[in-house]
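# Examining the three-dimensional arrangement
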Amino acid sequence: TLQHTVCHTGNTSKIRISFHCFYKHIHKLLLAGKPGTAVVTVCTADGGKKASCTITVKAPVIKLNARAITLQVKKTTTAVKISSSSPAGEKIRSAKSGNKKLVSVKVKKGKLSITGKKKGSTYITVTSTLGGKVKLNVKVQTGKVVTKSIKLDKKLKIPKGKSLALKAVRYPVTATEKLEWTSS
C-alpha cells in the first residue's frame, strides 16, 4: 500500500498532491509473477516538490524436498513437497509430466500425487501459485525403492513429563519400506 504524507507550514489551500505511476504495469507484474520494476512518483500540483520510489517485483522461487525421485511401477507417492519458497507460503498450483506414458501427476489442494506407470526416466515441471517453476527428475523402476540413508536428530533433551514426536527423514523420500523403532 502506498501512502502519502504532506508536511507543510503556511497556506494549505494551494497544496494538492497528484500521483503519477504505472499502476497498470505494477498490476501486470504482480499478477504475472514476472520480475520487473516500476517507478512511482508523487509531486505537488505546482511541481515544486517531488519524490520517487522504485518498486521491484522479484521472480518467485520454490524448492522441493527432493531434486530427483525414484518410483516403482504402479506405485504412487505424495512425499514430494515444497521445502522452501520466496515469497514464503507458496503452494503448488500445477504440475506437468514430461512423459505421460512413464509418469502421471496430479495436484490436489496444493499437494502432488505422482504415479509411476512404466519403466524409464522423465521429469515433472512444478509451478507455484505465483509462477515459480522447478523441475523434478523422476526415474521409474520395476523393483522396490529401498532406503539408502536415514537422518534423525542425534541428541534431544526432553523435560520431564513432556513428550516429543520423532520424525525420520530418509533418502530417497519415495522409499516405502517399514521403519522399526527401538530405544535403549
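Residues numbered from 1 in each chain as written. Predicted model: local features only at pLDDT ≥ 70, side-chain atom pairs only at ≥ 80, totals over all residues. Heavy atoms only, no water.

### Comments concerning the sheet that holds strand S8 (residues 92–97)
Cut-off, in case you're wondering: A pair of strands counts as paired when DSSP detects no fewer than two bridges linking them. Labels follow the DSSP assignment, with helices taken as runs of H or I lasting at least four residues and strands as runs of E lasting at least two, numbered in each case from the N terminus. To define axes, lines are fitted to C-alpha atoms, for helices over the stretch in contact only, and angles between the resulting N-to-C directions are given on a 0 to 180 degree scale.
Here we have four strands laid out as an open sheet, ordered S5-S12-S11-S8, and mixed in their pairing. Two strands lie at the open edges of the sheet, namely strand S5 (68–72) and S8, each paired on one side alone. Strand-to-strand twist in this sheet, taken as the mean axis angle between neighbours without regard to direction, amounts to 30°. In this sheet, strand S12 (residues 133–141) lies alongside strand S11 (residues 120–128) in antiparallel orientation, the contact comprising eight bridges.

### Comments concerning a nonpolar patch on the surface
Quick note on the threshold: Two distance rules govern patches: like charges are joined within 9 Å, and nonpolar side chains (Val, Leu, Ile, Met, Phe, Trp, Tyr) within 5 Å, applied only to residues with over 30% relative accessible area and no salt bridge. The accessible surface values rely on the Shrake-Rupley method and a 1.4 Å probe; as for residues, cover is taken only from the protein chains in view. Salt bridge, as used here, is a side-chain nitrogen of Lys or Arg placed within 4 Å of a carboxyl oxygen of Asp or Glu. Relative accessibility thresholds used throughout: buried, under 20% of the residue-type maximum; exposed, over 50%; partly exposed, between the two (1.4 Å probe, protein chains only).
Taken together, the side chains of Leu152, Leu156, Ile158, Leu164, Leu166 and Trp181 make up a nonpolar region of the molecular surface, amounting to roughly 580 Å² of accessible area. When you line up the elements, Leu156 lands in the loop between strand S13 (149–151) and strand S14 (169–171). Using a relative accessible area of 40% as the deciding quantity, one classes Leu156 as partly exposed.

### Quick look at a positive patch on the surface
For clarity, the threshold we go by: Positive residues here are Lys and Arg, negative ones are Asp and Glu, while His and the chain termini are left out of the count. Here the site of a charge means NZ on Lys, CZ on Arg, CG on Asp, or CD on Glu.
Together, Lys81, Lys91, Lys106, Lys108, Lys109, Lys111 and Lys167 make up a region of like positive charge exposed at the surface. Relative to the assigned elements, Lys109 resides in the loop between strand S9 (103–108) and strand S10 (111–116). The class for Lys109 is exposed, based on a relative accessible area of 80%.

### Points about the environment of Pro60
Mapping Pro60 onto the fold places it in the loop between strand S3 (50–57) and strand S4 (61–64). Residue classification places Pro60 among the buried residues on the basis of a relative accessible area of 12%. The spacing of Pro60 and Gly131 is 71 residues in sequence and 6.6 Å in space, taken between C-alpha atoms.

### Observations concerning the nonpolar core
In plain terms, the rule: Here the nonpolar core consists of buried residues drawn from Ala, Val, Leu, Ile, Met, Phe, Trp, Tyr and Cys, with membership extended through side-chain atoms lying within 4.5 Å. Only heavy atoms matter for contacts: two residues are in contact if any of them lie within 4.5 Å across the pair.
One finds Ile69, Ile114, Ile124, Leu136 and Val138 to be the most contacted residues of the largest nonpolar core, which totals 18 residues. Taken together, the elements giving at least two residues each to this core come down to S4, S5, S9, S10, S11 and S12. Once residues lying within four places of it in the same chain are set aside, the contact partners of Leu136 are Leu64, Ala66, Arg67, Ala68, Ile69, Val80, Ile114, Thr122, Tyr123 and Ile124.

### Here's the deal with the packing of aromatic side chains
What counts, and what does not: Centre distance within 6.5 Å is the pairing criterion for rings of Phe, Tyr and Trp, where only the six-membered ring of Trp is used; planes under 30 degrees apart are then read as stacked, over 60 as edge-to-face, and the remainder as tilted. Charge over a ring is defined by NZ of Lys or CZ of Arg lying within 6 Å of the ring centre and within 35 degrees of the ring normal.
Here the structure, examined in full by the defined rule, presents zero aromatic pairs. One Lys or Arg, Lys135, reaches over the ring of Tyr123 and ends 4.3 Å from the middle of that ring.

### Regarding the pairing of S11
With respect to burial, S11 is a largely interior element, seven of its nine residues being buried. Note that S8 and S11 share five bridges and pair antiparallel. Directly across from Lys96, in S11, lies its bridge partner Thr125. Between S11 and the antiparallel strand that follows it, S12, lie four residues; Gly131 among them carries a positive phi value of about 100°.

### Examining the sheet that holds strand S6 (residues 76–77)
One open sheet accounts for three strands, arranged S6-S10-S9; its pairing is antiparallel. Strand pairing shows two members of the sheet lacking a second neighbour, S6 and S9, which therefore form its edges. Summarising the sheet, S9 and S10 pair through six bridges and their orientation is antiparallel. Across the sheet, Ser104 pairs through a bridge with Thr115, a residue of S10.

### Section: the side chain of Thr147
Going by this rule: Two N or O atoms count as a polar contact when they lie within 3.5 Å, although within protein this holds only if one can serve as hydrogen donor and the other as acceptor, and sequence-adjacent residues are included solely when both atoms are side-chain atoms.
Topologically, Thr147 is positioned in the loop between S12 and S13. Polar side-chain contacts of Thr147 include one of 3.4 Å to the side chain of Arg170.

### A short note on the environment of Ala95
Residue placement: Ala95 occurs in strand S8. Expressed as a C-alpha distance, the spacing of Ala95 and Ile124, which sit 29 residues apart in the sequence, is 6.5 Å. Ala95 has contacts with Val105, Val107, Leu112, Ile124, Thr125 and Val126, leaving out every residue within four places of it along the chain.

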